[in-house]
Number of protein chains: 2
Amino acid sequence: MLRNVYAALVHFPIVDKHGHLVSTSVTNLDIHDISRSARTYGINAFFLVTPIEAQHWLVNRIIGHWQVGWGSTYNPNRMDALGICRTAGDLGEVQSAIEELDGQSPAWVITSAKRYSNSIGYENMRALMNTPGPPICLLFGTGWGLHPELILEADHILEPINGPTDFNHLSVRAAAAIIFDRLLAS
Amino acid sequence: MLRNVYAALVHFPIVDKHGHLVSTSVTNLDIHDISRSARTYGINAFFLVTPIEAQHWLVNRIIGHWQVGWGSTYNPNRMDALGICRTAGDLGEVQSAIEELDGQSPAWVITSAKRYSNSIGYENMRALMNTPGPPICLLFGTGWGLHPELILEADHILEPINGPTDFNHLSVRAAAAIIFDRLLAS
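First, a word on what this report is: a plain description of the structure on this page. (Residues numbered from 1 in each chain as written. Chains lettered and ligands numbered in written order. Predicted model: local features only at pLDDT ≥ 70, side-chain atom pairs only at ≥ 80, totals over all residues.)

With that out of the way, let us pick up the interface of chain A and chain B. Across the contact, 28 residues belong to chain A and 28 residues belong to chain B. For the side of chain A that touches chain B, the secondary structure elements donating two or more residues are α1 (28–40), α4 (76–82) and α8 (172–184) of chain A. Here the side of chain A that touches chain B gets 7 residues from one element, more than from any other, and that element is α1 of chain A. Taken together, the residues that form the side of chain A that touches chain B break down as 11 nonpolar, 11 polar and 6 charged. (Contact = placed C-beta atoms within 7 Å. Helix = DSSP H or I, 4+ residues; strand = E, 2+ residues; numbered from the N terminus. Nonpolar A, V, L, I, M, F, W, Y, C, P; charged D, E, K, R; others polar.)

Okay, structure coming up:
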């Protein structure tokens, strides 16, 4: 890939099952599973985005356990994977962090279980990532999905992942793994 | 696909980090994530394989919550996904269940993070699945992987999933999602 790739798991602004704006909780397994998948596919940094400071403390305590605590010697692969995991209060902070790491702001790429009129396919997205340009930041939702205000401001919206059935309720951990594989596998 | 596909998550016989034979615990999130991925990709049944009866009780209680309990109305998609999830004491029971569902024994396909001399690639496996023959049962390991006695008896061993890095420590939930996508996406 010519462009660096980042990923962010968004806990606010999110919609619940009624379409209401909510903030979701960070979960331990999202941290581990998505960090491991992101590290496998060469994602430069994986951001957990939540405005709730107590959750930053929780995430950093979990990361610390595997980075410098007992977990770092029990399972060094987790130390490696969680080394790319960071917290951010909002997408402005994600943007600032990427600007610091990469020298420019990212193009925001939304992932969604729904298809939009301007959705882009995986082959086209791979081709785009192999042209010169700004880094890419993939945004993943929690709860019942990213709030429309984020979707409207995205640079690109990836096509939903469909299997051969009409069931499309993958976990965000599964969807992230499949999207990394489709976009970044050699 | 010409052949029906099944999947099983194996909790015994498994190796731990020292290579010792162990039984691992069933986890709630494996049940949910892998059932949802399996349902998305048209897997006919997903088996949780453990000889520990208390874990069968636990799994069936979780499935029951989403099938007939409070969860069935709170989130009917979970009822749908968990409808393909079953428990089995060992692979003999998996074989019997598949024989009952499909009329014949499956070909056993091992998934592994390691490459073996007889590993088969994803394109070749897809081609094989599109030829007439017995159903396919994909076996996923937990802990530090499937015990060698299972690997030796497999009909096929899938190539490991490699990203563009040398890190290959995906969660089984992520690996299962990617493997279903590579083998079964339209």
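Additional details are given in the paragraphs that follow.
Residues and elements named next belong to chain B. Neither face of strand β4 (residues 46–49) is open: one carries Phe-46 and Leu-48, the other Phe-47 and Val-49, and all of them are buried. Pairing between strand β1 (residues 5–10) and β4: 4 bridges, direction parallel. Considered in β4, the bridge of Leu-9 is made with Leu-48. Pairing of β4 with strand β5 (residues 85–88) involves 4 bridges; the strand directions are parallel. (Buried ≥ 20, exposed ≤ 12 C-beta atoms within 10 Å, placed from the backbone. Pairing = 2+ DSSP bridges.)

Turning our eyes to something else, we now look at the sheet that holds strand β9 (residues 156–158) of chain A. All names here are of chain A. A sheet is described by the order of its strands in space; here 7 strands give the open sequence β5-β4-β1-β8-β6-β9-β7, paired in parallel fashion. Bordering the open sheet on either side are β5 (85–88) and β7 (119–120), each of which pairs with just one other strand. Where strand β6 (residues 107–110) and β9 come together, 2 bridges link them in parallel fashion. When the bridges of β9 are listed, Ile-110 appears paired with Ile-157. Sheet strands touched by α1: β1 (5–10), β4 (46–49) and β5. Its angle to β4, the strand with the most contacts, is close to 155°. (Axes fitted to C-alpha atoms, helices over the stretch in contact; angles between N-to-C directions.)

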